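# Breakdown of the fold
This is what each chain is made of:
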Amino acid sequence: MRVSEEGRHLKIGHAGSDLIKSYERCRLRAYLPTPDDKLTVGWGHTGSDVTADTVWTQEEADAAFLKDLEWVEECVGKAVTAQLTQNEYDSVCSLVFNIGCTNFGKSTLVKLINEHNFDAAALEFRRWSKQKGVELAGIVRRRVAEEKLFETA
């Protein structure tokens, strides 16, 4: 059953935020998740405000996570025109949190969702398992989890 309605966007639910947090792991000191990655702090927060010497409190990390979810929800709301179930929405939000809005907006996955081809869209998650052409095991696991949530009624 599709739960979003025209003119109303869903909010990420517990399944989505828990999925993101399970793969992002909160770190209060800035770090590079992989050698080819961006400096990251908190629950996977990146941006110009993160430098090598950034240190946050847990409260700052939690607040930034909620703020980051706002841009994710805005991105999904603008890119996706099809109605989504809560699980579909949560899984897409997890993907957007990780790959960014620009990549998502240009993806075949969003195109297939908007064409109401949800079975084919589910298979697209696994295409986003590489960083600079190298497949990373952690990203593969995350994409499988996102795909599974997307397909859960």
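Below is a summary of the structure that appears in this document. (Residues numbered from 1 in each chain as written. Predicted model: local features only at pLDDT ≥ 70, side-chain atom pairs only at ≥ 80, totals over all residues. Heavy atoms only, no water.)

Unlike most non-glycine residues, Arg 25 shows phi in positive territory, near 50°. Here Arg 25 lies in the loop between α1 (14-24) and β1 (27-31). Located in the positive-phi region is His 116, a residue other than glycine, with phi close to 65°. As for its placement among the helices and strands, His 116 is situated in the loop between α5 (108-114) and α6 (118-124). The exposure class assigned to His 116 is exposed, which follows from its relative accessible area of 52%. (Helix = DSSP H or I, 4+ residues; strand = E, 2+ residues; numbered from the N terminus. Buried < 20%, exposed > 50% of the residue type's maximum accessible area, 1.4 Å probe, protein only.)

What follows is about the packing of aromatic side chains. With the rule as written, the count across this model stands at four aromatic pairs. Aromatic pair Phe 118 and Phe 150: ring centres 6.4 Å apart, planes at 35°, arrangement tilted. Taken together, the positions of Phe 118 in helix α6 and Phe 150 in helix α7 (residues 137-150) put the pair 32 residues apart, joining distant regions of the chain. By relative accessible area, which is 11% here, Phe 118 ends up buried. (Phe/Tyr/Trp six-rings, centres within 6.5 Å; stacked < 30°, edge-to-face > 60°.)

We now examine the environment of Ser 91. Mapped onto the elements of the fold, Ser 91 is located in helix α3 (residues 86-99). You can call Ser 91 buried: its relative accessible area is 0%. In the structure, Ser 91 is positioned 57 residues away from Lys 148 in sequence and 8.5 Å away in space, judged by C-alpha atoms. Ignoring anything within four residues of it in the chain, the contact list for Ser 91 reads Phe 125, Glu 146, Leu 149 and Phe 150. (Contact = heavy atoms within 4.5 Å.)

Counting 36 residues, the largest nonpolar core has Val 92, Phe 104, Ile 113 and Phe 150 as its most contacted members. Within the residue set of this core, elements represented by two or more residues are α2 (58-79), α3, α5 and α6. A per-element tally of this core places α2 first, with eight residues. (Core = buried A, V, L, I, M, F, W, Y, C linked by side-chain atoms within 4.5 Å.)

Further remarks concern the packing of α1 against α3. At a minimum axis distance of 8 Å, the contact between α1 and α3 shows a crossing angle of 30°. For the crossing formed where α1 meets α3, the hand is right-handed. Packed against α1, whose contacting residues are Ala 15, Gly 16, Leu 19, Ile 20 and Glu 24, the element α3 presents Asn 87, Asp 90, Cys 93, Ser 94, Phe 97 and Asn 98 at the interface. (Axes fitted to C-alpha atoms, helices over the stretch in contact; angles between N-to-C directions. Left-handed = near helix turned anticlockwise from the far one by under 90°.)

Given a rise of 1.5 Å per residue, 14 residues ought to cover 20 Å, and the 20 Å separating the end C-alpha atoms of α7 matches this to within 8%. Buried residues of α7: Ile 139, Arg 142, Arg 143, Glu 146, Glu 147, Leu 149 and Phe 150, and no others. Each buried residue of α7 lies within a common arc of 160° when the element is viewed along its axis, so the set occupies one face. The outward face of α7, more than 90 degrees from its buried face, is lined by the exposed residues Arg 141 and Lys 148. Buried residues along α7 sit in contact with α1, α3, α5 and α6. (Expected span 1.5 Å × (residues − 1). Arc of directions from axis to C-beta.)

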